[in-house]
Amino acid sequence: MTTLDSYDFSGKKALVRVDFNVPLNEKFEITDDTRIRATIPTISKILNDGGSVILMSHLGRPKDGPTEKYSLKHLVNPLSLILGKTVKFADDCIGASATELASALQPGEVLLLENLRFYKEEEKGDEAFAEKLSKLGDVWVMDAFGTAHRAHASTAVIGKFFSDKVCGYVMQAELDNAERLLEHSERPFTAIMGGAKISDKILIIERLLDKVDNLIIGGGMSYTFSKAQGGSIGKSLLEADKQDLTLELIEKAKAKGINLVLPVDTVIADKFSNDAERKVVPAGQIPDEWEGLDIGPETAKIFSDIIKNSKTVLWNGPMGVFEFPNFAQGTNAIAEAVVAVTEENDAFSLIGGGDSASAINNAGYGDRVSYVSTGGGALLEYMEGKVLPGVAALQA
Ligand code: 3PG
Ligand code: MG
């Protein structure tokens, strides 16, 4: 793969695929700009070389063409502020406006194109659409790690229309950090898996069983483990058809000598709300009309002690409904333990994208861990050992 550092962008128009799929509130304000900030070094390198930058991205999953809610115009001002430079905007990603603005672009200038997914051809990986996009730039830079698991027109198919294809700094850092974690980890290696569904995480959990010393399971998925072992879980999240699988995982971990750790207590609620009545009960003893929304204090302590004795930590998925402040203690305790082991035990800590990345950023700890991934599904698929189409396109 051609690295960004090895390529001279002087006089070139770089067509850069970024993942600006960021959360917006009802006023179209960005609530987490991590993915935008992450791309600034890539953009700056190209501009400092004497090149110009044409940014392309998707936002959300628009179904019927152009939609106000999913317009990338909402990102123009915030991006200009972060970059310290006025960003131009084309209200279409192909066609006359994109072509004219791209061809008039001068070295040092930045142009953002409208949402690629306003064309269904993007997600279909349509070749003619990819070719039209490719005409806008001289070199393709792939920096959208968060979307690299999609074989879309702009993330993969477009590669065949360029002889110059460059791996951006975000992509590079994501691949390097995932490799460091999976292939060069210092022991003890602890993985903390949380989030709602086992079905989303089963492949990665199985792969991790060959890598880790400790596998901590918390969050919504832990109730299926509890139920399968004969526990009462009330109205907590359950994937009924995955109960046998959890028992198999417990057996596999035992056979491999891995310390699989499940919650011993649970914070329960009488309704799914921040103002619900709260109680702490032993795991597997949840009354019928109640549901588990966080790990309990004893569990948080056990998990934290294991984390603090590690040299490598992977954290993917929250321990509870951390969006409700009254049920965020477990997730925050894990965040604190990950920060402590990074700073005090010189451990390498990687936070998986999606909800755990938001949790660590919301807690203000984003820059006190080794690495926060910008990928959700993409990181999981990469760690499962899958070849990501966006990576393959750079290697072709
Ligand atoms: C994401 O946030 O998961 C990426 O931007 C990819 O978006 P998608 O899941 O809609 O393809
Ligand atoms: Mg996704």
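All values reported here derive from a predicted model rather than from experimental measurement.

Student: Help me out: how do you make sense of the site of ligand 1 in this one?
Tutor: Near ligand 1, the surroundings consist of Asp19, Asn21, Arg35, His58, Arg61, Arg117, Gly146, Thr147 and Arg150. At a separation of 3.1 Å, an oxygen atom of ligand 1 approaches a polar side-chain atom of His58. In isolation ligand 1 has 300 Å² of accessible area, and contact with the protein removes 85% of it. Across the shell around ligand 1, the residue classes tally to no nonpolar, 4 polar and 5 charged.

Student: Explain the UniProt feature "binding site: substrate" (unreviewed entry) in the protein chain to me, please; I cannot follow it from the model alone.
Tutor: UniProt's entry tags Asp19, Phe20, Asn21, Arg35, His58, Leu59, Gly60, Arg61, Arg117 and Arg150 with the feature "binding site: substrate" (unreviewed entry), counted in the numbering of this structure. Within the element layout of this structure, Phe20 appears in the loop between strand E2 (13-17) and helix H1 (34-38). Exposure remark for Phe20: the relative accessible area of 0% places this residue in the buried category. Not counting residues up to four positions away in its chain, the partners in contact with Phe20 are Arg35, Ile36, Thr39, Leu55, Ser57, His58, Leu59, Leu72, Leu75, Leu79 and Leu112. The residues touching Arg35, leaving out its near neighbours within four places in the chain, are Asp19, Phe20, Asn21, Val22, Gly146, Thr374, Gly375 and Gly376. Reaching out from Arg35, the side chain makes a polar contact with the side chain of Asp19 at a distance of 3.2 Å.

Student: Explanation requested: the packing of aromatic side chains in the structure shown.
Tutor: Aromatic ring pairs: the centre-centre distance and the angle between the two ring planes describe each pair. Taken as a whole and assessed by the stated rule, the structure comprises 3 aromatic pairs. A ring pair is formed by Tyr7 and Phe9, whose centres lie 4.7 Å apart and whose planes are at 55°; its orientation type is tilted. Among the residues examined, Tyr7 registers a relative accessible area of 12% and is labelled buried. For Phe9, a relative accessible area of 0% translates into the label buried. Measuring from ring centre to ring centre gives 5.3 Å for Tyr119 and Phe129, while their planes differ by 35°; the resulting arrangement is tilted. With Tyr119 in the loop between strand E5 (110-113) and helix H5 (120-124) and Phe129 in helix H6 (residues 127-134), this residue pair connects regions lying 10 residues apart in the sequence. Relative accessible area serves as the criterion here: at 3%, Phe129 is assigned to the buried category. A cation sits over an aromatic face here: Lys279 above Trp290, 4.5 Å from the ring centre.

Student: In this structure, what is going on with the sheet that holds strand E15 (residues 291-295)? I would like to understand it.
Tutor: Hydrogen bonding along the main chain pairs the strands of a sheet, whether they run parallel or antiparallel. Read across the sheet, 3 strands follow the order E13-E12-E15 without closing on themselves; strand pairing throughout is antiparallel. The strands lining the two open edges of the sheet, one partner per strand, are strand E13 (278-282) and E15. Neighbour to neighbour, the strand axes of the sheet diverge by 40° on average, direction disregarded. Pairing geometry for strand E12 (residues 265-269) and E13, over 5 bridges, is antiparallel. Residue pairing for E13: Asp265 is matched across the bridge by Pro282.

The rules behind each value
- Residues numbered from 1 in each chain as written.
- Chains lettered and ligands numbered in written order.
- Predicted model: local features only at pLDDT ≥ 70, side-chain atom pairs only at ≥ 80, totals over all residues.
- Heavy atoms only, no water.
- Near = heavy atom within 4 Å.
- Polar contact = N/O pair within 3.5 Å; in protein donor to acceptor, adjacent residues only side chain to side chain.
- Areas by Shrake-Rupley, 256 points an atom, 1.4 Å probe, with all protein chains shown as cover.
- Nonpolar A, V, L, I, M, F, W, Y, C, P; charged D, E, K, R; others polar.
- UniProt positions renumbered as here; feature names shortened; annotations may be inferred.
- Helix = DSSP H or I, 4+ residues; strand = E, 2+ residues; numbered from the N terminus.
- Buried < 20%, exposed > 50% of the residue type's maximum accessible area, 1.4 Å probe, protein only.
- Contact = heavy atoms within 4.5 Å.
- Phe/Tyr/Trp six-rings, centres within 6.5 Å; stacked < 30°, edge-to-face > 60°.
- Lys NZ or Arg CZ within 6 Å of the ring centre and 35° of its normal.
- Pairing = 2+ DSSP bridges.
- Axes fitted to C-alpha atoms, helices over the stretch in contact; angles between N-to-C directions.

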